[in-house]
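Given next are the chains, with one letter for each unit.
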Amino acid sequence: MKMNELYLDMPTIDKFERLERFLEERKGDTVPEATGNAYFMQEGIDVIQNKIKIGDRILDVGCGKGVALKMFRYLGTRPIGITINDEDKAIAETEGDDVRIMDMSFLDFDDNYFDGIWARHCLEHSIFPYFTLHEFNRVLKPGGWMYVEVPGVNTCSQHELNRNHYSVLTAEMWASLILRTNFQICGSYALSFDLPTGKEIYYRILAEKMI
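Report on the accompanying structure. Everything numeric in this text was worked out from a predicted model, so none of it was measured.

In this section: the nonpolar core. In terms of nonpolar packing, the biggest core is built from 27 residues, with Phe 109, Ile 117, Phe 136 and Met 146 touching the most fellow members. If you list the elements that add at least two residues to this core, you get strand S1 (57-61), strand S2 (78-83), strand S4 (114-120), helix H6 (129-139), strand S5 (140-151), helix H7 (171-180) and strand S7 (198-209). The dominant element in this core, judged by the number of residues it contributes, is S5, at four residues. When residues no more than four places from it in sequence are discounted, the contact partners of Phe 109 are Leu 59, Ile 80, Ile 82, Arg 100, Met 102, Phe 114, Arg 138 and Val 139. Grouped together as the second largest cluster of nonpolar side chains are 12 residues, Ile 48, Ile 52, Ile 58 and Phe 72 included.

Below is the structure:
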């Protein structure tokens, strides 16, 4: 029997168990969200504000301590936050936020459940962003919006070397993955600013699920 035939004959459950163990180990790479980024969050919300309606269900992926959740509640929406960090969840819940421990690539929500997805500085933490974006598309209603913000490549912060950054890609690659997962891109922006160590860049992409 050839090696590839032997691999294909392995019980499927064993393959998934190895993936599950790997993902469980990655939880040790997480750190609580730093505070003090409300300004940049507000800039992102300004980009999508004309798409937000009172009563909308919004998924905040990697919600941290709930800064954006509070902003969305103020706008009259019904946000739900997900995180894999217990400390962030506990702090957000003290403010009355609906926060759940959940992996962004394996969402426990029905198809077509959310009106919008806020994915700010989370996709770089995905080990397989193509699959993660496919899952975002699944839970988003047709015509629903998705806001993505990710760090740029080769900046002064060297995001590629961050312990829990697994997918630091170019703006062109992010756009390609988003298009492949049944989204249309409504706008893309590059946020550039100076730090004491040099120039930093974030990529911002606004997309909608294809109808």
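Right, let's talk about the packing of H6 against H7 for a bit. One way to put it is that H6 packs onto H7 with a least axis distance of 9 Å and a crossing angle of 45°. With respect to H7, the axis of H6 lies oblique. Every pair of crossing elements has a handedness; the one defined by H6 and H7 is right-handed. Between H6, through Pro 129, Tyr 130 and Leu 133, and H7, the contact on the second element is made entirely by Trp 174, Leu 177, Ile 178 and Arg 180.

Attention now goes to the pattern of salt bridges. This model, assessed by the stated rule, comprises 14 salt bridges. Across the pair Lys 89 and Glu 93 runs a salt bridge, and its minimum N-O distance is 2.6 Å. Placement of both Lys 89 and Glu 93 in helix H5 (residues 86-93) is noted, with a separation of four residues, approximately one turn of the helix. Note that Asp 111 is salt-bridged to Arg 138, the shortest N-O span being 2.7 Å. Taken together, the residues Asp 111 in the loop between strand S3 (99-101) and S4 and Arg 138 in helix H6 connect sequence positions 27 residues apart. What makes Asp 111 partly exposed here is its relative accessible area of 48%. One salt-bridge network, in which partners are shared between bridges, spans Glu 43, Arg 120, Glu 149 and Arg 204.

Our focus in this paragraph is the environment of Asn 162. Within the fold, Asn 162 resides in the loop between S5 and H7. The exposure class assigned to Asn 162 is partly exposed, which follows from its relative accessible area of 34%. Polar contacts involving the side chain of Asn 162 include one to the main-chain amide nitrogen of Asn 164, which spans 3.1 Å.

With that settled, consider the packing of aromatic side chains. Applying the stated criterion to the full structure yields nine aromatic pairs. Between Phe 128 and Phe 131, the aromatic rings sit 5.3 Å apart at their centres with planes inclined by 55°, giving tilted as the arrangement. The exposure class assigned to Phe 131 is partly exposed, which follows from its relative accessible area of 36%. Here the aromatic residues Phe 72, Trp 118 and Tyr 147 are joined through ring pairs into a cluster of three or more. A cation over an aromatic ring shows up here: Arg 57 above the ring of Tyr 113, its NZ or CZ 4.2 Å from the ring centre. Positioned above the aromatic ring of Tyr 130, the side-chain terminus of Arg 180 is 5.9 Å from the ring centre.

Calculation rules
- Residues numbered from 1 in each chain as written.
- Predicted model: local features only at pLDDT ≥ 70, side-chain atom pairs only at ≥ 80, totals over all residues.
- Heavy atoms only, no water.
- Core = buried A, V, L, I, M, F, W, Y, C linked by side-chain atoms within 4.5 Å.
- Buried < 20%, exposed > 50% of the residue type's maximum accessible area, 1.4 Å probe, protein only.
- Helix = DSSP H or I, 4+ residues; strand = E, 2+ residues; numbered from the N terminus.
- Contact = heavy atoms within 4.5 Å.
- Axes fitted to C-alpha atoms, helices over the stretch in contact; angles between N-to-C directions.
- Parallel < 35°, antiparallel > 145°, perpendicular 65-115°, else oblique.
- Left-handed = near helix turned anticlockwise from the far one by under 90°.
- Salt bridge = Lys/Arg side-chain N within 4 Å of Asp/Glu carboxyl O.
- Polar contact = N/O pair within 3.5 Å; in protein donor to acceptor, adjacent residues only side chain to side chain.
- Phe/Tyr/Trp six-rings, centres within 6.5 Å; stacked < 30°, edge-to-face > 60°.
- Lys NZ or Arg CZ within 6 Å of the ring centre and 35° of its normal.

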